[in-house]
Amino acid sequence: MLNSDYEIYSTSQLAWDAMYQAIFSAQKSVYWELYIFLDDAEGGRFFDLLEQKSRAGLDVKLVVDAIGSFWLSRRRVESLHAAGVEVLFFSERKKRYRGWWKQLISRTHRKILIIDEAIGFIGGVNVDQRMKDWLDIQVRVEGKIVHSLLRSFAKSYIICGGNKKNVRKFLRFRFRVRDDEANLVIDEPSGGKSAVRKKYITALLRARERVILFSPYYFPDRKFLLALWRAKKRGVRVDLLLPLRTDVRLVTYAAYAWFKLLQKIGVNIHLTPNMMHGKGVIVDDDWAMVGSSNLDQISFYDNYEANLEIRKSSVVKNLKNIVGEWVENARHLTEMDLQKMGLGEEIKMKVAFWLYKIWNRK
């Protein structure tokens, strides 16, 4: 552990083990919000433990996305309810003016776990046994930042139909903790504004020496590309880390479609041989942000996302060591690699690019 307040886990399995132990040791409450939570070999042990804790008298609340956790069995949900676990499926209800399409694609993509209102976990980790060997980032936190996580969970709980009286006390907390070494940065669908995207742009503009961007899915906009170009023009080294292949083939080819332009700008592109699901940015040695937001328009403008902004240099350096090792072990894309791509690959990239734009309607 880095210190009493932070610990970083670099794979799904390491994060699962730490979260399981934290739930096992819980004495008062367990609040958990995540996108994918399945009743498979891995998820089953968590569900069993949550039921056990609820029967022991703990307040156990679970918010899972209705689409992301579509395959969560009805039998398991009934078992959770019977044990006293409050299970809510997230589906946006309040912003009906946004139209049926935006309501469909607006999901809770957050991954937040809070134990006893004192210990929090935040990052990109879902619970699905297929993800066991994935590279990912999950951070264990303590201190005032946990109050921000409680407020975020309370708002999601209310959005998907939870009784406001049950979480009213958490709404008094603020998302931002001033003069602290960490802050919660959240996004909600809000008419074309994204606090997380703004942080990414600011990171590129303020960097002095190096920026490392990492995400499993990548689809930037013009302003983001301009910020990349300006960083390179100032002499900043920019590394972009992506998986060679993702679990969504369409998105993989949509990301590939940007590679020639990125190389022209001067961005170093690295592709991990195995699936990398971590999401974030590291600037020099003194600032970073990690969480649930992918580097794409859906995360920025349509999903409910939660990210941790870190300004404590020791934590940033530890994160940089982890991601830096991923970069070193990745395949470094060269101009020759792009020239070797055949016509078939070019067509796939163009089709994926336009399908993604149609899907996102940007």
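Throughout, residues of each chain are indexed from 1 in the direction in which the sequence is written. The model is predicted, so local features are restricted to residues of pLDDT at least 70 and side-chain atom pairs to those at 80 or more, both for listing and for counting; the totals for chains, interfaces and linings are taken over all residues. To get the side-chain values, take all heavy atoms of the structure and skip hydrogens and water.

(A) Representation of the environment of G68. A run of DSSP states H or I qualifies as a helix once it reaches four residues; a run of E qualifies as a strand once it reaches two. Both are numbered from the N-terminal end. Tracing the chain through its elements places G68 in the loop between β3 (59-65) and α3 (74-83). A relative accessible area of 15% means that G68 is categorised as buried. Sequence spacing of G68 and L38 is 30 residues, and the spatial spacing of their C-alpha atoms is 9.2 Å. Burial classes: relative accessible area under 20% of the type maximum marks a residue as buried, over 50% as exposed, and values in between as partly exposed (1.4 Å probe, protein chains only).

(B) Expanded view of the pairing of strand β7 (residues 135-142). With respect to burial, β7 is a largely interior element, seven of its eight residues being buried. As paired elements, strand β1 (residues 6-11) and β7 share five bridges and run antiparallel to each other. Paired with I8 across the two strands is V139, which belongs to β7. Two strands form a pair only when DSSP identifies at least two bridges running between them. Pairing of strand β6 (residues 119-123) with β7, which is carried by five bridges, proceeds in the antiparallel orientation. Residue I122 lies in a different strand from β7, and its bridge partner there is V139.

(C) Quick look at a positive patch on the surface. A patch consists of residues exposed above 30% relative accessible area that lack any salt bridge, with like charges linked at up to 9 Å and nonpolar side chains (Val, Leu, Ile, Met, Phe, Trp, Tyr) linked at up to 5 Å. Here the open area of atoms and residues is found with the Shrake-Rupley method and a 1.4 Å probe, where only the protein chains shown may cover a residue. Here, a salt bridge means any Lys or Arg side-chain nitrogen found within 4 Å of an Asp or Glu carboxyl oxygen. When charges are counted, neither His nor the chain ends are considered; positive counts come from Lys and Arg and negative counts from Asp and Glu. A single reference atom marks each charge: NZ on Lys, CZ on Arg, CG on Asp, CD on Glu. On the surface, a cluster of positive charge is made up of K198, K223, R230 and K233. Counting residues per element, the positive patch draws most heavily on helix α7 (residues 222-233), which supplies three residues. For K233, the location among the structural elements is in helix α7. Classification of K233 as exposed rests on a relative accessible area of 64%.

(D) Representation of the sheet that holds strand β5 (residues 112-115). Sheet architecture is open: seven strands sit in the order β1-β7-β6-β5-β2-β3-β4, paired in mixed fashion. The sheet terminates laterally at β1 and β4 (86-90), the two strands that pair on one side only. Taking the axes of each pair of neighbouring strands and ignoring which way they run, one obtains an average angle of 10° across the sheet. Relative to β3, strand β2 (residues 29-34) runs parallel, the two sharing six bridges. Of the residues in β3, the one forming a bridge with E33 is V63. The contact criterion used is simple: two residues touch if any of their non-hydrogen atoms lie within 4.5 Å. Angles run from 0 to 180 degrees between N-to-C directions of axes, and those axes are lines fitted to C-alpha atoms, restricted for helices to the stretch in contact. In this fold helix α11 (residues 313-329) packs onto β1 and β7, with an angle of close to 10° to the strand it touches most, β1.

(E) Region of the structure containing the side chain of E33. Its place among the elements puts E33 in strand β2. Notably, E33 is buried but unbridged: the nearest opposite-charge side chain belongs to R110, and the N-O separation is 4.5 Å. Pairs of N or O atoms are called polar contacts if they sit within 3.5 Å, as long as, within protein, a hydrogen donor faces a hydrogen acceptor (for residues adjacent in sequence, only side-chain-to-side-chain pairs). Within the structure, E33 has its side chain in polar contact with the side chain of T108 (distance 2.4 Å). A polar side-chain atom of E33 sits 2.9 Å from a polar atom in the side chain of S156. Apart from the residues within four sequence positions on either side, E33 is in contact with V63, T108, R110, K111, I112, S152, F153 and S156.

(F) A look at the nonpolar core. Ranked by internal contacts, the top residues of the largest apolar core, which has 48 residues, are I137, F214 and L308. For this core, the leading source of residues is helix α5 (residues 145-159), giving nine residues. Once residues lying within four places of it in the same chain are set aside, the contact partners of I137 are I8, Y9, S10, G123, G124, V125, F214, G278, V290, L319, I322 and W326. Membership of the second largest hydrophobic core comes to 37 residues, among which are A22, L50, I115 and M275. The term nonpolar core refers to a set of buried residues drawn from Ala, Val, Leu, Ile, Met, Phe, Trp, Tyr and Cys, joined through side-chain atoms within 4.5 Å.

(G) Region of the structure containing the packing of helix α1 (residues 12-24) against helix α2 (residues 41-55). Where α1 contacts α2, the two axes come as close as 10 Å, and the packing angle between them is 15°. By the angle between their axes, α1 is roughly parallel relative to α2. Here α1 runs over α2; the crossing is left-handed. From α1, Q13, W16, D17, M19, Y20, I23 and F24 reach across to α2, where they touch E42, R45, F46, L49, L50 and K53. Three classes are used, and their members are as follows: Ala, Val, Leu, Ile, Met, Phe, Trp, Tyr, Cys and Pro are nonpolar, Asp, Glu, Lys and Arg are charged, and the others, Gly among them, are polar. Class assignment of the residues belonging to the contact of α1 with α2 gives a composition of eight nonpolar, one polar and four charged. By definition in this entry, angles of less than 35 degrees are roughly parallel, angles greater than 145 are roughly antiparallel, angles of 65 to 115 are roughly perpendicular, and the rest are oblique. Handedness of each helix crossing follows the sense of rotation of the near helix against the far helix: counterclockwise by less than a right angle gives left-handed, clockwise gives right-handed.

(H) Inspection of the sheet that holds strand β13 (residues 287-291) at higher detail. Strands sit in the order β8-β14-β13-β12-β9-β10-β11-β15 across an open sheet of eight strands; the sheet is mixed. Of all the strands in the sheet, the pair left with one neighbour each is β8 (182-187) and β15 (331-332). Pairing between β13 and strand β14 (residues 305-310): four bridges, direction antiparallel. Opposite A288, over in β14, you have I310 as the bridge partner.

(I) Structural detail: unusual backbone geometry. For D116, which is not glycine, the phi dihedral falls at a positive 55°. When you line up the elements, D116 lands in the loop between β5 and β6. Within the chain, D284 stands out as a residue other than glycine whose phi angle is a positive 50°. Locating D284 in the fold gives a position in the loop between β12 (280-283) and β13.

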